[in-house]
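Summary of the model geometry
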Amino acid sequence: MIVYEPLWKTMKEKKVSQYLLIKTYGISCGQLDRLKKNQYVSTHTIGVLCTILNCAVEDVLEFRMDNSEYAFPSPEMYEEHIREDAEKAPDSGGQSTDKSLSVNTDFGP
């Protein structure tokens, strides 16, 4: 879950008010309302806020793991699920039942 608690702290430190964001920079009340409620805002909006506040993304938002994130299984969980399904499958008459999936978890350059 993305939370915008760091944004309010950064705004206070930089002495930037919600009023200033609305009147000077054209940030809509709706955008601020979504930020207050930790709802979706576009990456464009995050970039605009970082530019206005002259700060990094970490100064605007934070990622916190919650139950909704578990809807997206890790590669290991996915492979285990595939293995279990293959074990439960009836005999395929000599056909290969190997349904394992190789998942690349090396995201480095």
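Calculation notes
The residue numbering used here restarts from 1 in each chain and proceeds along that chain's sequence as written. Per-residue local features of the predicted model are confined to residues with pLDDT of at least 70, and side-chain atom pairs are confined, for both listing and counting, to 80 or more; whole-chain, interface and lining totals are unaffected and use all residues. Neither water nor hydrogens contribute to the side-chain values; these are computed over all heavy atoms in the structure. Secondary structure is summarised from DSSP: a helix means a run of H or I of at least four residues, a strand means a run of E of at least two, and numbering begins at the N terminus for each. Only heavy atoms enter the contact rule, under which two residues are in contact if any of them lie within 4.5 Å. As used here, the term nonpolar core means buried Ala, Val, Leu, Ile, Met, Phe, Trp, Tyr and Cys residues forming a set that is joined through side-chain atoms within 4.5 Å. When a residue's accessible area, from a 1.4 Å probe over protein chains only, is under 20% of the maximum for its type it is buried; when over 50% it is exposed; and in between it is partly exposed. Any N or O atom pair separated by 3.5 Å or less is treated as a polar contact, with the protein-specific requirement of one donor-capable and one acceptor-capable atom, and with residues adjacent in sequence counted only for side-chain atom pairs. The predictor attaches a confidence to each residue, called pLDDT, with possible values from 0 through 100.

**Structural notes on the environment of Tyr 4**
Along the chain, Tyr 4 turns up in the loop between β1 (2-3) and α1 (5-14). Spatially, the C-alpha atoms of Tyr 4 and Lys 36 are 7.2 Å apart, while their sequence positions differ by 32 residues. Discounting chain neighbours no more than four positions away, the residues touching Tyr 4 are Leu 35, Asn 38, Gln 39, Val 41, Ile 46, Val 60 and Leu 61.

**Description of the nonpolar core**
Among the nonpolar cores identified, the biggest contains 17 residues, and Tyr 4, Leu 7, Leu 21, Leu 35, Ile 46, Leu 49 and Val 60 are the most heavily contacted of them. Broken down by secondary-structure element, the contributors of at least two residues to this core are α1, α3 (29-36) and α4 (43-53). With five residues, α4 is the largest single contributor of residues to this core. Discounting chain neighbours no more than four positions away, the residues touching Leu 49 are Leu 7, Leu 21, Ile 27, Leu 35 and Val 60.

**Considerations on the side chain of Gln 31**
Turning to its location among the elements, Gln 31 is positioned in helix α3. Taking relative accessible area as the criterion, Gln 31 reaches 15% and is therefore assigned buried. For Gln 31, the side chain forms a polar contact with the side chain of Thr 45, separated by 2.7 Å. Filtering out sequence-adjacent residues up to four positions away, Gln 31 remains in contact with Val 41 and Thr 45.

**A closer look at the confidence of the model for the protein**
Averaged over every residue, the pLDDT of the protein is 82; the share at 70 or more is 71%. With pLDDT under 50 throughout, residues 96-100 is counted as low confidence; its partners more than four residues away or in other chains account for four contacts.

**Things to note about unusual backbone geometry**
Among all residues except glycine, the phi angle is most often negative; among peptide bonds, the trans geometry is most common. Positive phi, normally seen in glycine, also occurs at Asn 38, with a value near 55°. Residue placement: Asn 38 occurs in the loop between α3 and α4. Not every positive phi belongs to a glycine, and Asn 54 is a case in point at roughly 50°. Structurally, Asn 54 can be placed in the loop between α4 and β2 (62-63). The exposed category is assigned to Asn 54, whose relative accessible area is 65%.

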